[in-house]
Amino acid sequence: MSEADPQRVGALDVVAFACEIAMLVLLAVAGWSLANSTVVQVVLASLLPVAAATIWGVAMAPKSSRRLPNPARLVAQTALFAATGVLVASAGHPWWGLAFAVVATATFAARSHTPE
């Protein structure tokens, strides 16, 4: 596909993007909920999403020069989704953590079987 050709965005792509955004939001919520000190809450609520976004940008972003090939990329995504789910569950929201991990992993697994 050349740069002049518009890229098609399907429903699965929209759900995948929503999962990426949800991961960042859930990590911020978990970071805030895991600490009692306001300073630590702010640090964790900022640091966790930034760390995840950095990992994603380097290893999984479509235009990254270091993008992992599948299936390694799917394994890394699943690990990131699972870690997010565990942190959210540890912060007192077990069902949100579980639901996120399952939906995000299923979405990216389905997406990994579609041509890029």
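Residues numbered from 1 in each chain as written. Predicted model: local features only at pLDDT ≥ 70, side-chain atom pairs only at ≥ 80, totals over all residues. Heavy atoms only, no water.

## Focus: the overall build of the protein chain
Thought 1: When you go through the protein chain residue by residue, the secondary structure sums to 4 helices and 0 strands.
Thought 2: In the protein chain, the order of α-helices and β-strands from amino to carboxyl end is α-α-α-α.
Thought 3: For the protein chain, the spread of C-alpha atoms along the principal axes amounts to about 50 × 25 × 25 Å.
Thought 4: For the protein chain, the proportion of its 116 residues judged to be buried stands at 28%. (Helix = DSSP H or I, 4+ residues; strand = E, 2+ residues; numbered from the N terminus. Buried < 20%, exposed > 50% of the residue type's maximum accessible area, 1.4 Å probe, protein only.)

## Re the side chain of T84
Thought 1: Turning to its location among the elements, T84 is positioned in helix α3 (residues 72-90).
Thought 2: Beyond its immediate stretch of four places on either side in the chain, T84 contacts M23, L26, L27 and F100. (Contact = heavy atoms within 4.5 Å.)

## Structural notes on the pattern of salt bridges
Thought 1: For the coordinates displayed, the defined rule picks out 1 salt bridge.
Thought 2: A salt bridge links R111 to D13; the shortest N-O distance between them is 2.9 Å. Taken together, the positions of R111 in helix α4 (residues 94-112) and D13 in helix α1 (residues 11-33) put the pair 98 residues apart, joining distant regions of the chain.
Thought 3: You can call R111 partly exposed: its relative accessible area is 29%.
Thought 4: Assessed through its relative accessible area of 26%, D13 is described here as partly exposed. (Salt bridge = Lys/Arg side-chain N within 4 Å of Asp/Glu carboxyl O.)

## Comments concerning the nonpolar core
General note: in soluble globular proteins, nonpolar side chains tend to be found buried as a group.
Thought 1: Counting residues in hydrophobic clusters, the biggest one holds 18 residues, and the most contacted among them are M23, W56, L80, F81, F100 and F108.
Thought 2: Put simply, the parts of the chain that give this core at least two residues each are α1, α2 (38-59), α3 and α4.
Thought 3: By residue number, the principal contributor to this core is α1, which donates 6 residues. (Core = buried A, V, L, I, M, F, W, Y, C linked by side-chain atoms within 4.5 Å.)

## Here's the deal with the environment of I21
Thought 1: Relative to the elements of secondary structure, I21 occurs in helix α1.
Thought 2: Overall, I21 belongs to the partly exposed group, its relative accessible area being 39%.
Thought 3: It is 13 Å that separates the C-alpha atoms of I21 and A101, two residues lying 80 residues apart in sequence.

## Observations regarding the UniProt feature "transmembrane region" (unreviewed entry) in the protein chain
Thought 1: Under the UniProt annotation, "transmembrane region" (unreviewed entry) lies at residues 12-32 and 38-59.
Thought 2: End C-alpha atoms of residues 12-32 are separated by 30 Å, and the span's content is 100% helix alongside 0% strand.
Thought 3: Taken end to end, residues 38-59 is 100% helix and 0% strand, and its first and last C-alpha atoms sit 32 Å apart. (UniProt positions renumbered as here; feature names shortened; annotations may be inferred.)

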